[in-house]
Amino acid sequence: MKKLTPQAVLGYPVLALFVFISLLPLWMALKIGLTYPNDVYTSASSLLPSAYTPGNFLRVMGLPSTIELSAFRAAPIDFMLALRNSVIYTALTVTGQIFFSALAATPLPA
């Protein structure tokens, strides 16, 4: 068995802290997605959702009924339009980045 060095004793808690800090925004996005719209601000200090609902995810996919939408004063979301816009923006950005990176990598004639 390996002997723990002072660097490891200090390093592992620091590593755990960085992992926690890195994953916290993803967890908070999931928590907000699973929380009722009216409870988002009242349960902001908690790391766990106060009441679980898949309604927000169903709304994005276009599956909730009009009763559920009117209960939260929400409008349906056109997910496919948002996805198409994201794909177009990503494709244009990546194409431009590859083009200009290729130009920068090409040596100039002497």
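Residues numbered from 1 in each chain as written. Predicted model: local features only at pLDDT ≥ 70, side-chain atom pairs only at ≥ 80, totals over all residues. Heavy atoms only, no water.

Novice: Quick one: what's the story with the overall build of the protein, residue by residue and with numbers?
Specialist: What the protein contains, in helices and strands, is four helices and zero strands. Its C-alpha atoms give the protein a radius of gyration of 23 Å, clearly above 13 Å, the size a compact globule of 110 residues would have. In terms of overall dimensions, the protein has C-alpha extents of about 70 × 55 × 25 Å along its principal axes. The 110 residues of the protein split such that 9% are buried. Relative to all contacts within the protein whose residues are 6 or more apart in sequence, the contacts with residues 24 or more apart total 11%. Put simply, the protein shows about 9300 Å² of open surface, and 74% of that area lies on carbon and sulfur atoms. (Helix = DSSP H or I, 4+ residues; strand = E, 2+ residues; numbered from the N terminus. Rg over C-alpha atoms; globule rule 2.2 N^0.38 Å. Buried < 20%, exposed > 50% of the residue type's maximum accessible area, 1.4 Å probe, protein only. Contact = heavy atoms within 4.5 Å. Areas by Shrake-Rupley, 256 points an atom, 1.4 Å probe, with all protein chains shown as cover.)

Novice: Please provide a residue-by-residue account of the environment of L63, values included.
Specialist: Locating L63 in the fold gives a position in the loop between α2 (55-61) and α3 (66-71). For the pair formed by L63 and L81, sequence separation is 18 residues and the distance between their alpha carbons is 16 Å.

Novice: Tell me what's going on with the packing of aromatic side chains, and back it up with residues and numbers.
Specialist: Applying the stated rule across the entire model yields one aromatic pair. Look at F99 and F100: their rings are 5.1 Å apart centre to centre, the planes differ by 75°, and that puts the pair in the edge-to-face class. Here F100 falls in the exposed class, since its relative accessible area comes to 57%. (Phe/Tyr/Trp six-rings, centres within 6.5 Å; stacked < 30°, edge-to-face > 60°.)

Novice: Just give me the short version of the side chain of K31, but keep the residues and values in it.
Specialist: Its place among the elements puts K31 in helix α1 (residues 6-33). Among all residues touching K31, those that are not within four sequence positions of it are S43, A44, S46, L47, L48 and P49.

Novice: Outline the confidence of the model for the protein, supporting the account with residue identities and numerical values.
Specialist: Model confidence for the protein is summarised by a mean pLDDT of 85, while 91% of its residues fall at 70 or above. For the protein, the element scoring lowest by mean pLDDT is α3, at 65; helix α4 (residues 79-105) scores highest, at 95. (pLDDT = per-residue confidence, 0-100.)

Novice: Help me get a handle on the environment of T42, residues and values and all.
Specialist: Inspection of the secondary structure puts T42 in the loop between α1 and α2. In this structure T42 comes out as exposed when scored by relative accessible area, which is 64%. Considered as a pair, T42 and S86 are 44 residues apart in the sequence and their alpha carbons are 32 Å apart.

Novice: Report on α1, specifying residues and quantitative values.
Specialist: Helix length check: α1, at 28 residues, gives a terminal C-alpha distance of 41 Å against a target of 40 Å (1.5 Å per residue), a fit within 8%. Along α1, the sharpest kink reaches roughly 35°, centred on L24 and followed within four residues by the proline P25. Taken together, the buried positions of α1 are A8, K31 and G33. (Expected span 1.5 Å × (residues − 1). Bend = angle between axes of the 7 residues up to and from the residue.)

Novice: Any details on the side chain of T35? Residues and values, ideally.
Specialist: Of note, T35 is situated in the loop between α1 and α2. Looking at T35, the relative accessible area reads 1%, which means it is buried. Reaching out from T35, the side chain makes a polar contact with the backbone oxygen of K31 at a distance of 2.6 Å. With residues up to four places along the chain from it excluded, the contact list for T35 reads V40, S43, P49, A51, T53 and N56. (Polar contact = N/O pair within 3.5 Å; in protein donor to acceptor, adjacent residues only side chain to side chain.)

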